Amino acid sequence: MKRAHYYWLLQVLGWSAIALFTALFINQFSPLSTIYFPLAAWCGATGLLLSEAWHRLCRRRQARGQALAWPAALVATVVLGTVQAASNLAMDQLISGGGWNSAPPGWIMMLLLFWSGIMLAWNVAYMAALSLRRNQRLEAEALLLEAETLRLEVLAKDAELRALQSQVNPHFFFNSLNSVRALMYEDRDNAANMIDQLATLMRYTLMSTFTDCVPLAQELGAVRAYLAIEQIRFEERLRARFEIEAGMEGVTIPPMSLQTLVENAVKYGVEPRSAGSEIRIIARQDGAGAVIEVANQGVLRANPGATRVGLSNARKRLELAKGGQASLDLSEHEGWVRATLRFPLAA
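Residues numbered from 1 in each chain as written. Predicted model: local features only at pLDDT ≥ 70, side-chain atom pairs only at ≥ 80, totals over all residues. Heavy atoms only, no water.

*Asks:* Looking at this structure, how should I read the sheet that holds strand β5 (residues 289-297)?
*Replies:* Picture the strands of a sheet paired through backbone hydrogen bonds; they go either parallel or antiparallel. Strand order across the open sheet formed by five strands is β2-β4-β5-β7-β6, with mixed pairing between neighbours. Unpaired on one side and paired on the other, β2 (238-244) and β6 (327-333) mark the two borders of the sheet. Mean inter-strand twist for the sheet, computed between neighbouring axes without regard to direction, equals 15°. The strands touched by helix α6 (residues 216-234) within the sheet are β2, β4 (277-286) and β5, with β2 carrying the most contacts at an inclination of about 165°. (Pairing = 2+ DSSP bridges. Helix = DSSP H or I, 4+ residues; strand = E, 2+ residues; numbered from the N terminus. Axes fitted to C-alpha atoms, helices over the stretch in contact; angles between N-to-C directions. Contact = heavy atoms within 4.5 Å.)

So, in structure tokens, the structure goes:
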């Protein structure tokens, strides 16, 4: 049922009840008299017409952006009550055949108070309905605004994640291409093998561009391909060790995030050391969270800004993909530099 149908149903029922009450009230003073029943019907009809006229006037004010205030409602109550009382008094005198001066002042005052009270009740009910409807509309608009805000936040998060991810790929491939270039003049077979590994990494990177997270098993495959490329360059100076706890292969992480940490370990752990370094890649569960660690022998550089951009990028991508509880920390302990990813498994 439409809102207008409810309004008219309540109008008819309400004024019919008032007409019935008027008839019963008059019958208390003139038992078994039917001459006053037309007066009761007149009361209900005029009340319905007057309230509808006021309702239409209120609708026009609202259409012009003018809200219905309580002072205006009180003035309307007095005016409507006076008009209704005068109309009923005129009909009463017409039916009874009395003159205009025959009604006692007390009766006139009672009519004014009674009909003003009825009109006040109508205005209170109407303004309450308006207030309820306004609150419902505001709640609906707030829900729509919240949904739109969440949608925009998701879009902004996705755009930022894509932008950060696009910064990783060129940096990685430029380093790999430099490695291929260095080998072209030394060992063509190894250079060809490196190109094959690089092609594998390119396919993985292009595929992972379209997703926020990938299974750790896929990321480890890319890391092994990268280490195979660097193994050709550094030979025995680069030693890799994987310690992957059972069940961790299905944990998802942002694509290329682990590879970025391994690349830093090679660049700042293996490359500057004549003896090279062992690189340990550890993945384990810690309570309700996951811990992924990349460690290399060495010390933190005197200039920490050298790795700040890459680590900051990886940290932001991890937080965007896994939430605010995710973290990426860099530390040094007993001759080992450790980059540690932590994030809830439920994220």
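Okay, back to it.
*Asks:* Help me out: how do you make sense of the layout of surface pockets in this one?
*Replies:* To find leftover empty space, one rolls a probe the size of a water molecule over the atoms. One number sums up the size of the largest pocket: a volume of about 620 Å³. Around the largest pocket, the lining is made up of 21 residues, and of these Tyr7, Leu10, Gln11, His55 and Tyr126 lie nearest the centre. At ten residues, the largest contribution of residues to the lining of the largest pocket is made by helix α1 (residues 3-29). Taken together, the residues of the lining of the largest pocket break down into 14 nonpolar, three polar and four charged. (1 Å grid on protein atoms, 1.4 Å probe; cavity = no way out; pocket = protein on both sides within 12 Å on 5 of 7 lines; lining within 4 Å. Points joined across faces, edges and corners; volume = space filled by probe spheres on them. Nonpolar A, V, L, I, M, F, W, Y, C, P; charged D, E, K, R; others polar.)

*Asks:* Looking at this structure, how should I read the pattern of salt bridges?
*Replies:* In total, this model carries five salt bridges according to the counting rule given. The partner of Arg241 in a salt bridge is Glu243, and the shortest N-O contact between them spans 2.8 Å. A residue is classified by how much of its surface remains accessible, and Arg241, at 38% relative accessible area, is partly exposed. In this structure, Glu293 and Arg338 form a salt bridge, with 3.1 Å as the shortest nitrogen-oxygen distance. Taken as a pair, Glu293 in strand β5 and Arg338 in strand β7 (residues 336-344) lie far apart in primary sequence, 45 residues in all. The class for Glu293 is buried, based on a relative accessible area of 14%. (Salt bridge = Lys/Arg side-chain N within 4 Å of Asp/Glu carboxyl O. Buried < 20%, exposed > 50% of the residue type's maximum accessible area, 1.4 Å probe, protein only.)

*Asks:* Honestly, unusual backbone geometry in this entry has me stumped. Any pointers?
*Replies:* When glycine is set aside, most residues are seen to have a negative phi, and most peptide bonds are trans. Although it is not a glycine, Met256 sits at a positive phi angle of roughly 70°. Examined against the element boundaries, Met256 turns out to sit in the loop between β3 (252-253) and α7 (257-270). Despite not being glycine, Glu334 has its phi angle at roughly 50°, a positive value. Assignment of secondary structure puts Glu334 in the loop between β6 and β7. By relative accessible area, which is 68% here, Glu334 ends up exposed.

*Asks:* It is not clear to me how the pairing of β7 should be interpreted in this structure. Could you clarify?
*Replies:* Regular strands have side chains that alternate between both faces of the sheet. Most of β7 is tucked away: seven of the nine residues are buried. Taken together, the nine bridges between β5 and β7 define a ladder with antiparallel strand orientation. Looking at β7, one finds that Ile292 is bridged to Leu341. Adjacent in sequence and paired antiparallel, β6 and β7 are bridged by two residues, among which Glu334 carries a positive phi angle near 50°.

*Asks:* What exactly am I supposed to notice about the environment of Ala199 here?
*Replies:* Summarising the element assignment, Ala199 is placed in helix α5 (residues 188-208). Separated by 26 residues in the primary sequence, Ala199 and Ala225 place their C-alpha atoms 9.5 Å from one another.

Function cannot be read off these values alone, since they describe shape.
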